[in-house]
Amino acid sequence: MPEQTQVLRIKRQETPNSEPYYEEFEIPYLPHHNIISMLMEIRRNPVTRQGKRVAPVVFDANCLEEVCGSCTMVINGRVRQGCSQLAEGLGGPVTVEPMSKFPVIRDLWVDRSKMFEALMKAHAWIPIDGTYDLGPGPRIAPHVQEFAYLFSRCMTCGCCLEACPQVNSHSKFMGAAVIGQAYLMSQHPTGKMNLDERLDAMMSEGGVADCGNAQNCVEVCPKEIPLTTAIGAVGRQTSIKWLRDLFMK
Amino acid sequence: MAEAEAAAAPAITGMTADQRHWLLRRLHSLSGIIPIGGFLFFHIFENAFVLKGGPVWWKETEFTRNIPLQVAVEATVLWIPILYHAIYGIVITVTAQPNDYPFERNYQYTLQRISGILAFLFIGFHVLTTRAYFYTTGVETDYMRMHNFMMNPLILATYIVGTLACVYHLTNGIFTFTITWGIAVGAKAQTLVNRVCVLLFVVLAVVSVAILVAFRTPA
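Remember, it's a predicted structure, so these values are computed and weren't measured experimentally.

Procedures and definitions
Residues numbered from 1 in each chain as written. Chains lettered and ligands numbered in written order. Predicted model: local features only at pLDDT ≥ 70, side-chain atom pairs only at ≥ 80, totals over all residues. Helix = DSSP H or I, 4+ residues; strand = E, 2+ residues; numbered from the N terminus. Buried ≥ 20, exposed ≤ 12 C-beta atoms within 10 Å, placed from the backbone. Pairing = 2+ DSSP bridges. Axes fitted to C-alpha atoms, helices over the stretch in contact; angles between N-to-C directions. Contact = placed C-beta atoms within 7 Å. Expected span 1.5 Å × (residues − 1). Parallel < 35°, antiparallel > 145°, perpendicular 65-115°, else oblique. Left-handed = near helix turned anticlockwise from the far one by under 90°. Core = buried A, V, L, I, M, F, W, Y, C linked by C-beta atoms within 7 Å. Domains from an automatic or database assignment. Nonpolar A, V, L, I, M, F, W, Y, C, P; charged D, E, K, R; others polar.

Participant: Would you explain the overall build of chain A in this entry?
Facilitator: Of the regular secondary structure elements, chain A holds eight helices and seven strands. For the C-alpha atoms alone, the extent of chain A along its principal axes is close to 75 × 40 × 35 Å. Burial statistics for chain A: of 249 residues in total, 43% are counted as buried.

Participant: Hey, could you run me through the sheet that holds strand β5 (residues 94-97) of chain A in this one?
Facilitator: The strands making up a sheet are joined through hydrogen bonds of the backbone, oriented either antiparallel or parallel. Residue and element names in this part refer to chain A. Judged by pairing direction, the sheet is mixed, and its five strands sit side by side in the order β2-β1-β5-β3-β4 without closing on themselves. Pairing within the sheet leaves two strands with one partner each, and these edge strands are β2 (21-28) and β4 (78-81). Across the sheet, the mean angle separating the axes of adjacent strands is 30° when strand polarity is ignored. Two strands pair when backbone bridges link them, and strand β3 (residues 72-75) and β4 are joined in this way by four bridges, in the antiparallel orientation. Residue Thr-72 lies in a different strand from β4, and its bridge partner there is Gln-81. Packed on one face of the sheet, helix α1 (residues 35-44) meets β1 (5-12), β2, β3 and β5 and runs near 90° to β2.

Participant: In this structure, what is going on with helix α8 (residues 227-248) of chain A? I would like to understand it.
Facilitator: Quick reminder: α-helices carry 3.6 residues per turn. Residues three or four places apart thus point the same way. The end-to-end C-alpha distance of α8 of chain A, which contains 22 residues, comes to 31 Å, matching closely the 32 Å that a straight helix rising 1.5 Å per residue would cover. Along α8 of chain A, the residues that are buried comprise Leu-227, Thr-228, Thr-229, Ala-230, Ile-231, Gly-232, Ala-233, Val-234, Gly-235, Gln-237 and Thr-238 of chain A.

Participant: Would you mind going over the packing of helix α8 (residues 153-180) of chain B against helix α9 (residues 187-214) of chain B with me for this structure?
Facilitator: Residue and element names in this part refer to chain B. Two numbers describe how α8 lies on α9: the axes approach to 9 Å, and their chain directions differ by 160°. Comparing their axes, α9 and α8 come out roughly antiparallel. Pair α8 / α9 crosses with right-handed handedness.

Participant: What am I meant to see in the nonpolar core here?
Facilitator: The nonpolar side chains of a soluble globular protein tend to be buried with one another. Grouped together as the largest cluster of nonpolar side chains are 70 residues, with contacts concentrated most on Cys-160, Ile-179 and Ala-182 of chain A. When residues of this core are assigned to their parent elements, the largest contribution, eight residues, is made by helix α5 (residues 176-185) of chain A. Counting the residues that make up this core, at least three belong to each of domain 1 (5-110) and domain 2 (113-248) of chain A. Not counting residues within four places of it along the chain, the set of residues in contact with Cys-160 of chain A comprises Gly-175, Ala-176, Ala-177, Cys-217, Val-220, Cys-221 and Leu-227 of chain A. The next biggest cluster of nonpolar side chains, apart from the first, holds 13 residues, and it includes Leu-40, Ala-119, Cys-166 and Leu-204 of chain B.

Participant: Is there a simple way to explain the packing of helix α5 (residues 104-129) of chain B against α8 of chain B in this structure?
Facilitator: Think of two packed helices as two axes; the pair is described by the angle between the axes and how far apart they sit. All names here are of chain B. One way to put it is that α5 packs onto α8 with a least axis distance of 8 Å and a crossing angle of 130°. The orientation of α5 relative to α8 falls into the category oblique. The interaxial crossing formed by α5 with α8 has left-handed handedness. Where α5 abuts α8, its residues Gln-108, Leu-111, Gln-112, Ser-115, Gly-116, Leu-118, Ala-119, Phe-122, Phe-125 and His-126 lie against Thr-158, Val-161, Gly-162, Ala-165, Cys-166, Tyr-168, His-169 and Asn-172.

Participant: What is the right way to read unusual backbone geometry from this model?
Facilitator: Backbone torsion omega between Gly-92 of chain A and Pro-93 of chain A reads -5°, so that peptide bond is classified as cis. Tracing the backbone through its elements, the reader meets Pro-93 of chain A in the loop between β4 and β5. Residue Ile-34 of chain B is joined to Pro-35 of chain B through a cis peptide bond whose omega torsion reads 10°. Checked against the element boundaries, Pro-35 of chain B lands in helix α2 (residues 17-47). The phi torsion at Leu-64 of chain A lies on the positive side, around 60°, for a residue other than glycine. As for its placement among the helices and strands, Leu-64 of chain A is situated in the loop between α1 and β3.

Participant: Can you help me understand the domain arrangement of chain A in this one?
Facilitator: Many authors give the size of an interface as the accessible area that is lost as the parts come together. All names here are of chain A. Entries for chain A in the domain assignment read domain 1 (5-110) and domain 2 (113-248). Computed over C-alpha atoms, the centres of domain 1 and domain 2 are 31 Å apart. Residue-level contacts link 13 residues of domain 1 with twelve residues of domain 2. For the side of domain 1 that touches domain 2, the secondary structure elements donating two or more residues are β3 and β4. Residue composition of the side of domain 1 that touches domain 2, by class: six nonpolar, four polar and three charged.

Participant: What am I meant to see in the interface of chain B and chain A here?
Facilitator: Tallying the contact residues gives 26 residues for chain B and 25 residues for chain A. Of all the elements in the fold, those that place two or more residues in the side of chain B that touches chain A are α2, α5, α8 and α9 of chain B. The greatest single-element share of the side of chain B that touches chain A, amounting to six residues, is contributed by α2 of chain B. Here the residues of the side of chain B that touches chain A are counted per class, giving twelve nonpolar, ten polar and four charged.

Structure representation (structure tokens):
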């Protein structure tokens, strides 16, 4: 073949409950292609390697610059964002699968609702509105701001859940992301006022106690969030709360 | 239904299902260090006297055979905590789905679960053939008995594998304990504790195997 090509082996699934299957597509090789632009290329001409015309591959994507988290998928067995995975150096065939720890809606598109439900459970926000003007919040020292910023980069993409051996269909563990966010909200002096509510969520089934310390979360996090620090810190907060409740209530 | 159960729970136990879950997890973490981990350190220490010969070992471990209320002490300090740690450990292990992400701590995670199961099987075998044997027959496990065990290649292999599993499970457990309770929080602190625990594993592994091999010396 005169022109260089790249083969994508894609795990497909037509409905949330149907059986998954693999299909192979061959597209012209471009070193600056990324997985999403390759999927777009396939969408223009959805014909498999065997020459069969099929429905275009469904995928979720938005920002195309690794800040929204929506195109998280498993590429050659490793979870990451499709948009930041360049074709160059990938070789082939490239296996592209949806995340396995979330319900598949169709093809590579998964439902990450459980992560957002976990954020709600953990009260991962700072209430600033009241029925009257609450006035300006307390000032925050720059080093606290800088530390909190690390955790604020979370895009709820799901990499930490996908790589976690404790997150699966037979466990209730909510994963590292929500622990990082609960910890972030408690860095803020106003957010600290709801610390007890957050710790109650962290001490519930599926909370921080269900962590198995495999620490894959911090390794795969595309935003390099110190998730294991959050786990250790929330572990400390819950230890203190438990002892305080035990001896002072 | 589940909500009704959760609401009814405090009336009986004074705890919600969530609080009970948290307490069981933390008790699992704590029991692995105190008393089980503490005992394993002591057990290796007392048996290390065999490196100075069988008679020294028998003399120095004399007090362990003369503990007041021996059965009650053994049950409280050893059997109940070990049974709890093992049974709840299996409950935790069945919620795991180990994967092949190539990170050192991921391997440690998988090894922690394998070594836990091996340790449980080995401790069961060890206690049945030593303490339970004593309580049923009145025969103490003296030097000759241990010597005969260690001369049997199959039993020696079982002891080496079982002891290494126990020692690995404890040293890696010390590392995860410091994260669970919030002692080692930062990445640097966690890495330091991890390195120290790996070193501790190597030291305890060498000493444990040396003890087992020392029992092969003819009396």
